[in-house]
Amino acid sequence: QAIAKKPDGIVVVGFEPSLNSIVDKAVDEGIPIVTVDADLPGSKRMAFVGTGNYNAGVTGGEKLADLVGGKGKIAIMTKPGQSNLEERVAGYKAALSKYPGMEIVQIADTRSDPVVAAQVAASLLQKFPDLAGIACVEAAGGSGSATAIREAGKVGKVKIIAMDRGNEVLEGIKEGVISASIAQQTALMPFYAVAIMHQLNTANIDITTDNKAAGVMGIPQVVDTGTIVVDESNYKYFMR
């Protein structure tokens, strides 16, 4: 529908690889596409703006390792099949692999639903009574895990690293049931995507004597908007 309006550009959240063909259609019709939040590297998109998801996982993994003293059983909460979440899980695995005393015992599916996440976390606590920590790579995992930890009476005993900055996660940090959360600088994603679109439409930065002939677009192809570790020291500044 957007292609039919012949816009000067389209910003796309690239959650599904099935979007590749329609992105390619837009580009073939002369409409630049910038993906945000989740990428479509198999498409003809011009650029991607979003969290460096692998690095977000590494950051979370290092924080969790510090919290549990570099040892113990860890579960990861995710929604399988989403490229950005898979990258975060890979980052966690890489970070935790540096600690011989740490073991990832299960990667669990939250379906991005806090109620399901709470049920899954409760099951994990029963299955692994000595669980040291839960790492969450999407928003539902943190709030769901917090519910399960409260109900099991294990606040402070099982460390939770959440994802993002919803108020329920921030309240969990205030309460002490969630140790930290890895927050994305989400507002930067559409901001820089539109800036790239504007540059494509209005500016010609001379990277070569003839950018078009040389096949040079003159824009950054990947912009990592970074993450912030939110914990008891700074959570209040994120409250809305």
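Refer to the structure presented above.
Enquirer: What am I meant to see in the layout of surface pockets here?
Expert: One way to see where empty space is left: roll a probe the size of a water molecule over the atoms. What the largest pocket holds in volume is close to 310 Å³. Considering the residues around the largest pocket, the lining is formed by 13 residues, among which L200, N211, K212, V216 and M217 are closest to the centre. Looking at the lining of the largest pocket, the elements that each hand over two or more residues are α7 (188-202) and α8 (211-214). Per-class residue counts for the lining of the largest pocket are seven nonpolar, five polar and one charged. The volume enclosed by the second largest pocket comes to roughly 160 Å³. As for the second largest pocket, its lining consists of F15, D37, Q82, N84, L85, R88, S112, E138, A139, D164, Q184 and T186.

Enquirer: Would you explain the environment of G215 in this entry?
Expert: Relative to the helices and strands, G215 resides in the loop between α8 and β9 (222-224). The exposure class of G215 is exposed, given its relative accessible area of 65%. Taking the C-alpha atoms as reference points, G215 and K157, separated by 58 residues in sequence, lie 56 Å from one another.

Enquirer: Would you mind showing me how to read the pairing of strand β3 (residues 47-50) here?
Expert: Successive residues of a regular strand alternate their side chains across the two faces of the sheet. The side-chain alternation of β3 yields two buried faces, one formed by A47 and V49 and the other by F48 and G50. In the sheet, strand β2 (residues 33-36) pairs with β3 via three bridges, with the strands oriented parallel. Pairing of V36 across the sheet is with V49, part of β3. As paired strands, β3 and β9 are joined by three bridges and run parallel to one another.

Rules used throughout
All chains use their own residue numbering, which begins from 1 and follows the written sequence. Local features in this predicted model are restricted to residues of pLDDT 70 or higher, and side-chain atom pairs are both shown and tallied only at a pLDDT of 80 or more, whereas totals for entire chains, interfaces and linings draw on every residue. Note that water and hydrogens are dropped before the side-chain values are worked out from all heavy atoms of the structure. Think of a 1 Å grid over the protein atoms and nothing else: a 1.4 Å probe that fits but is trapped marks a cavity, an open set flanked by protein within 12 Å on at least five of seven lines marks a pocket, and residues with an atom within 4 Å of a point count as lining. Grid points are joined across faces, edges and corners, and a volume is the space filled by probe spheres set on the points. Numbering of helices and strands runs from the N terminus; a helix is a DSSP stretch of H or I covering at least four residues, while a strand is a stretch of E covering at least two. Each residue is assigned to one class: nonpolar for Ala, Val, Leu, Ile, Met, Phe, Trp, Tyr, Cys and Pro, charged for Asp, Glu, Lys and Arg, and polar for all the others, Gly among them. Each residue is placed in one exposure class: buried if its accessible area under a 1.4 Å probe, protein chains only, is under 20% of its type's maximum, exposed if it is over 50%, and partly exposed if it falls in between. Here, any two strands with at least 2 DSSP bridges between them count as paired.

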